[in-house]
Amino acid sequence: MNIILLGPPGAGKGTQARILVDGRGLVQLSTGDMLRDAKDSGTEMGNRVAAVMASGQLVTDEIVIGLIREKLEGGGTGFIFDGFPRTLPQADALGQLMDEMGQTLDCVIEMQVDDEALVARIIARSTCGGCGEVYNDETKPIPADGKCVKCGASDFKRRADDNAESLKTRLLAYYKQTSPLIGYYYAKGLLKSVNGLGEIDDISTNIAVALDS
Ligand code: AMP
């Protein structure tokens, strides 16, 4: 099963993708993670995209489609696309790539969260440097012993673009460039919308119901 998690920044795509990886053995393909890795390891492409990412704008379609192409050409199936596609040309390219690989896209889960909750979530967010587990200062604080519940690592990071200024740009990019994909996938009969507010476990139950229906 290949699925897309679609939603604005802070909707919980990464958290739910990780739950699907653990529960269903799917493979998470997050273009945001791939770009951050390229930036952190100082590759030529990473250096080129650093400023664009920090500002909250989207990097070029060409770059992210290239990253996804590389992963799909590596073989396998059962992918969760997290943060990709984000534009109509990216969605068309993904469709073509899936055709070329003889794969099908089974479901697009739209995670609906209102803007106020997104801002609150993002400003309070940190992730484990060891395994990527996501924490929130209010709803899921880092344990008192300073160790990740999942892997025991004790280094936690806040994303450089998780600040009020770049968040505004990221939200605008979502509404202008990514939200048309909701109609695009609805028209293809692939869209399932779930409420992305509430407890993490309840949201994953909603997603499971949507995927299995
Ligand atoms: P994310 O981790 O998905 O929030 O992505 C972080 C940043 O990486 C975004 O704000 C963009 O600058 C860039 N990015 C990630 N995925 C894409 C994509 N599919 N298209 C364009 N830019 C992307």
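Just above, that's the structure.
Residues numbered from 1 in each chain as written. Predicted model: local features only at pLDDT ≥ 70, side-chain atom pairs only at ≥ 80, totals over all residues. Heavy atoms only, no water.

Draft legend 1. Fine view of the sheet that holds strand S7 (residues 156–157). The strand order across the open sheet formed by three strands is S6-S5-S7, and the pairing between neighbours is antiparallel. A strand with exactly one partner marks an edge of an open sheet, and here the two such strands are strand S6 (134–136) and S7. When strand S5 (residues 125–128) meets S7, the two strands line up antiparallel, connected through two bridges. Across the sheet, Thr127 pairs through a bridge with Lys157, a residue of S7. (Pairing = 2+ DSSP bridges. Helix = DSSP H or I, 4+ residues; strand = E, 2+ residues; numbered from the N terminus.)

Draft legend 2. Here's a closer look at the pattern of salt bridges. With the rule as written, the count across this model stands at 14 salt bridges. Between Glu44 and Arg48 there is a salt bridge, and its shortest N-O distance comes to 3.3 Å. Of this pair, Glu44 and Arg48 are both found in helix H3 (residues 44–55), four residues apart, which corresponds to roughly one turn of the helix. The same class applies to Glu44 as to Arg48, namely exposed. The partner of Glu133 in a salt bridge is Lys140, and the shortest N-O contact between them spans 2.6 Å. Here the salt bridges share partners, and the residues they tie into one network are Arg125, Arg159, Asp161, Asp162 and Arg170. (Salt bridge = Lys/Arg side-chain N within 4 Å of Asp/Glu carboxyl O. Buried < 20%, exposed > 50% of the residue type's maximum accessible area, 1.4 Å probe, protein only.)

Draft legend 3. View of the site of the ligand. With respect to spatial proximity, 15 residues lie near the ligand, and among them Thr31, Arg36, Gln57, Gly83 and Arg86 are the closest. The contact in question runs from a nitrogen atom of the ligand to an N or O atom on the side chain of Thr31, over 2.8 Å. A distance of 2.6 Å separates an oxygen atom of the ligand from a polar atom in the backbone of Gln57. Burial of the ligand by the surrounding chains reaches 97%, relative to a free accessible area of 480 Å². Classifying every residue of the shell around the ligand gives six nonpolar, five polar and four charged. (Near = heavy atom within 4 Å. Polar contact = N/O pair within 3.5 Å; in protein donor to acceptor, adjacent residues only side chain to side chain. Areas by Shrake-Rupley, 256 points an atom, 1.4 Å probe, with all protein chains shown as cover. Nonpolar A, V, L, I, M, F, W, Y, C, P; charged D, E, K, R; others polar.)

Draft legend 4. Fine view of the environment of Asp162. Among the secondary structure elements, Asp162 is positioned in the loop between S7 and helix H7 (164–178). In this structure Asp162 comes out as buried when scored by relative accessible area, which is 11%. When the C-alpha positions of Asp162 and Arg121 are compared, they lie 9.6 Å apart, and in sequence the two are 41 residues distant. Here Arg170 takes part through its side chain, which lies 3.1 Å from a polar atom of the side chain of Asp162.

Draft legend 5. Quick peek at the state of the cysteines. In the structure shown here, the tally under the stated rule is zero disulfides. With no disulfide of its own, Cys131 lies closest to Cys148 among cysteine sulfurs, the gap being 3.7 Å. The buried category is assigned to Cys148, whose relative accessible area is 5%. (Disulfide = S-S within 2.5 Å.)

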